[in-house]
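Spelled out, the chains give:
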Amino acid sequence: MLKNLTLEKKITNQIPIIDIGKLQSNETQDLEEIADNFIKAYSTVGFSYIVNHNIDQRIIDDIFIASKEFHSLPRKEKQKIELNHLHRGFIPINSSTEPNSDLANTIIPNQSESFIMMRDAQKDDLEVINNTYLAGPNIWPENVIHFKERTVRYAEAMTELCAKLTSIIAKGIGITRPEFISLFEVPTIWLRLLYYPSQSQSSYDNTFGSAPHRDFGGITILSQDQIGGLQVKTRSGEWLDAPEIPGTFVVNVGNMLHRLSNGFLMSTPHRVINKSNKERYSCPFFFDPNVNATIKPLGNHVNKENPAKFNPMIYGDYLKNELSTTYNQHKN
Ligand SMILES: [Fe+2]
């Protein structure tokens, strides 16, 4: 009994580090081992770090350079590409709140600024021709050298990594290959370059860099600097620090993968409070289902004994609701 309690305490109070070095292996056993570790982490703690991810450090260094150069532009320059109805561009400070949050009384807007890019679709792309929700071109700042090249390269590397990871997790929970393809073959992707100014000490109680929230979609991979400030809510309700660990990314599961797994994989609340007296930069990448995908419980965790806990819904409909309550650009 004592042994089990100790193990449980250890699992719920630590964010595990998962070695994904064998992700490119052709051996089923290697991939199953990685999937098992993920499934264990997301059915207990709900967060993990990944190590041996095989992303070139220069690509990671470059995305932080791009972010810092963008955020150091004069405000007037950044405002030229302020967030549009396709959810691309610059989000100024004090412009987004989390009114849907069941996690905190968030009246004060997030104390952060960011640049967002998604998949680039030009007007002759089928997605644009079909008027697909959020399909369209990215918008770029002028006068930031190599910015587009650096962000696109990072987004491509992350898309590839997320696709592979999500496919083995999906297989691990019994989602079939055709189901996976219809959900994630054309994923909704978002790269967000976030800048958090240092918060004043008096604001820690009710003001957040990012207010407590769960992510929308599939999986999130976060690259963060050494400043710290990310916290993860444990099952017992305490906020656990998730500092930068060199050579790793932080990974979490979003609400859609939670639903697809019939609640088995946890979409864990997290928040950012920048108490460092320094500026913080982080680069989350979100890998989500296609906007037209139907999200309903699938796989091993929905059956006669364990019926579906969620009604089917279209991911784009869910997104519309979330984005329209958070951002003015989506109000109509
Ligand atoms: Fe998040």
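Our subject is the structure that appears above.
Because the structure is a prediction, the values reported are computed rather than measured.

Side note on the nonpolar core
Judged by nonpolar contacts, the single largest core of 77 residues is most densely connected at Ile219, Ile221, Val250 and Phe285. With 10 residues, the top contributor of residues to this core is helix 6 (residues 147-172). Aside from chain neighbours lying at most four places away, what touches Ile221 is Met158, Leu161, Cys162, Phe249, Val251 and Phe285.

Concerning the packing of helix 2 (residues 28-42) against helix 6
Between helix 2 and helix 6, the least distance of the axes is 9 Å, while the angle of their chain directions is 80°. Judged by the inter-axis angle, helix 2 sits roughly perpendicular to helix 6. Residue-level inspection shows Leu31, Ile34, Ala35, Asp36, Phe38 and Ile39 of helix 2 in contact with helix 6, the latter providing Ile168, Ile169, Lys171 and Gly172. Considering only residue class, the contact of helix 2 with helix 6 consists of 7 nonpolar, 1 polar and 2 charged.

Details of the sheet that holds strand 10 (residues 248-253)
Strand order in the open sheet formed by 8 strands is 1-2-10-7-12-5-4-3, with mixed pairing between adjacent strands. Two strands in the sheet have a free side with no partner beyond their single neighbour: strand 1 (17-19) and strand 3 (89-91). Each neighbouring strand pair of the sheet contributes to a mean axis angle of 25°, computed without reference to strand direction. The sheet contact formed by strand 4 (residues 113-118) and strand 5 (residues 188-196) spans 6 bridges and is antiparallel. Bridging from a neighbouring strand, Phe115 pairs with Leu193 of strand 5. Lying on the sheet, helix 3 (residues 57-71) is in contact with strand 4, strand 5, strand 7 (219-224) and strand 12 (280-288); it crosses strand 12 at an angle near 115°. Here helix 6 sits on the sheet in contact with strand 4, strand 5, strand 7 and strand 12, set at roughly 135° to strand 7.

Examining helix 6
Compared with an ideal rise of 1.5 Å per residue, which puts 26 residues at 38 Å, helix 6 spans 37 Å between its outermost C-alpha atoms and is within 8% of the ideal. Taken from the residues just after helix 6, Gly174 is the one with a positive phi, measuring 90°.

Parameters at a glance
- Starting afresh in each chain, residues are numbered from 1 along the sequence in its written order.
- The model is predicted, so local features are restricted to residues of pLDDT at least 70 and side-chain atom pairs to those at 80 or more, both for listing and for counting; the totals for chains, interfaces and linings are taken over all residues.
- Note on definitions: a nonpolar core is a set of buried residues drawn from Ala, Val, Leu, Ile, Met, Phe, Trp, Tyr and Cys, linked by C-beta atoms within 7 Å.
- Partly exposed residues are those falling between the two cut-offs: more than 12 but fewer than 20 other C-beta atoms within 10 Å of their own, whereas 20 or more means buried and 12 or fewer means exposed, with C-beta atoms placed from the backbone.
- Each helix is a run of DSSP H or I of at least 4 residues and each strand a run of E of at least 2, with the numbering of both proceeding from the N terminus.
- In this description, any two residues whose backbone-derived C-beta atoms lie within 7 Å of each other are considered to be in contact.
- Orientation is described by lines fitted to C-alpha atoms, with helices fitted over the stretch in contact, and by angles between N-to-C directions that extend from 0 to 180 degrees.
- Any angle that is under 35 degrees is reported as roughly parallel, and any over 145 degrees as roughly antiparallel; angles of 65 to 115 degrees are reported as roughly perpendicular and all others as oblique.
- Under this grouping Gly is polar, as are all residues other than the nonpolar Ala, Val, Leu, Ile, Met, Phe, Trp, Tyr, Cys and Pro and the charged Asp, Glu, Lys and Arg.
- Note on pairing: DSSP must find at least two bridges between two strands before they are called paired.
- Between the first and last residue of a helix there are one fewer steps than residues, each counted as 1.5 Å, and that sum is the expected span.

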